[in-house]
Amino acid sequence: MILETERLFLREMTLEDVDTLALVLSDPESMRYYPHPFSREEVENWIKWNLDNYQKYGFGLWAVCLKESGEMIGDCGITMQQVEKDLFPEIGYHLRKEFRGKGYAIEAAKACGEFAKARGMKKIISYMKSDNLPSRHVAERNGMKFVKAFTKTVMGKVVEDEVLYMKDL
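Attention here is on the structure that accompanies the text. (Residues numbered from 1 in each chain as written. Predicted model: local features only at pLDDT ≥ 70, side-chain atom pairs only at ≥ 80, totals over all residues. Heavy atoms only, no water.)

1. Some points on helix H3 (residues 104-118)
- Its 15 residues give H3 an end-to-end C-alpha distance of 21 Å, which sits within 8% of 21 Å, the value for a rise of 1.5 Å per residue.
- Counted residue by residue, H3 has 11 buried out of 15 residues, so it is predominantly covered.
- All of the buried residues in H3 are Tyr104, Ala105, Ile106, Glu107, Ala108, Ala109, Ala111, Cys112, Gly113, Phe115 and Ala116.
- Following H3 by one or two positions, Gly120 adopts a phi angle in the positive range, close to 85 degrees. (Helix = DSSP H or I, 4+ residues; strand = E, 2+ residues; numbered from the N terminus. Expected span 1.5 Å × (residues − 1). Buried < 20%, exposed > 50% of the residue type's maximum accessible area, 1.4 Å probe, protein only.)

And the structure:
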């Protein structure tokens, strides 16, 4: 277990989590703000990327699990992200649709912010497509402020309507 909140625990993902994580990352509705839903291979690669991040940085996106049952409901954590010319630690989150609207994303994101602060990070960001109002709301509830709109390549596609939120730790 990496982090614990009132209702959740976050742990490192493993390749055994592919099927469960695919419930989020392969779901067209959940991934409507991405260029496309992930294939099974892309979900596996997502987990492998995070396994590499754990080794390289000591953090990545972690499995978000309900304390009550141990069930994995998505991922949340910190990854290093390039925004134009700068590299920032970013809090990202993806939850299964049946677990949205219950405060789990903000609960996990706030815990990740505390993790970042304890690790000596000075700033933390989140970014998302400008029309992704639920993710923008989570960033705002996590104390982040809108900084700017920008263009970023996501999954090989240029996305011109990304928005950046930032918080000083």
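Picking up after the structure, the text goes on.
2. So, unusual backbone geometry
- Of note, the phi angle at Glu84 is positive, near 55 degrees, even though the residue is not glycine.
- By the secondary structure assignment, Glu84 is in the loop between strand E4 (72-83) and strand E5 (86-95).
- Residue classification places Glu84 among the partly exposed residues on the basis of a relative accessible area of 45%.
- Notably, Met155 is not glycine yet its phi reads approximately 55 degrees, a positive angle.

3. A short note on the packing of aromatic side chains
- Considering all chains together, one arrives at 8 aromatic pairs under this definition.
- On the basis of an interplanar angle of 75 degrees and a centroid distance of 5.1 Å, the ring pair of Trp62 and Phe115 is categorised as edge-to-face. Linking Trp62 in strand E3 (residues 61-66) with Phe115 in helix H3, this pair joins segments that are 53 residues apart in sequence. Pair check on accessibility: Trp62 and Phe115 agree, each one buried.
- Arranged with centres 6.4 Å apart and planes meeting at 55 degrees, the rings of Phe99 and Tyr104 form a pair that is tilted. (Phe/Tyr/Trp six-rings, centres within 6.5 Å; stacked < 30°, edge-to-face > 60°.)

4. Some details on the pairing of strand E7 (residues 145-154)
- Sheet topology note: the E7/strand E8 (residues 157-168) ladder contains 8 bridges and is antiparallel. Each bridged residue has a counterpart across the sheet, and for Lys148 the counterpart in E8 is Leu164. (Pairing = 2+ DSSP bridges.)

5. Observations regarding the nonpolar core
- Core analysis: the largest hydrophobic core is formed by 47 residues, its most contacted members being Leu10 and Ile91.
- Broken down by element, the residue count for this core peaks at 9 residues, all from H3.
- Setting aside residues up to four positions removed in sequence, Leu10 forms contacts with Met1, Ile2, Leu3, Trp62, Ala63, Val64, Cys76, Ala108 and Cys112.
- Within the second largest apolar cluster, 7 residues are counted, among which are Val83, Phe88, Phe150 and Leu164. (Core = buried A, V, L, I, M, F, W, Y, C linked by side-chain atoms within 4.5 Å. Contact = heavy atoms within 4.5 Å.)

6. A word on the side chain of Asn142
- Topologically, Asn142 is positioned in the loop between helix H4 (133-141) and E7.
- In this structure Asn142 touches Ile91, Ile106, Ala109, Lys110 and Lys167, once residues within four positions along its chain are discounted.

7. Quick notes on the environment of Ala108
- For Ala108, the location among the structural elements is in helix H3.
- Distance in space between the C-alpha atoms of Ala108 and Gly77 is 7.9 Å, their sequence separation being 31 residues.
- Residues within four places of Ala108 in sequence aside, it is in contact with Leu8, Leu10, Val64 and Cys76.

8. Side note on the pattern of salt bridges
- Going through the model one piece at a time under the given rule, you end up with 11 salt bridges.
- Note that Glu84 and Lys148 form a salt bridge whose closest N and O atoms lie 2.3 Å from each other. Of this pair, Glu84 sits in the loop between E4 and E5 while Lys148 sits in strand E7, and the two are 64 residues apart along the sequence.
- Given a relative accessible area of 30%, Lys148 falls into the partly exposed group. (Salt bridge = Lys/Arg side-chain N within 4 Å of Asp/Glu carboxyl O.)

Purely geometric stuff here, so don't read any function into it on its own.
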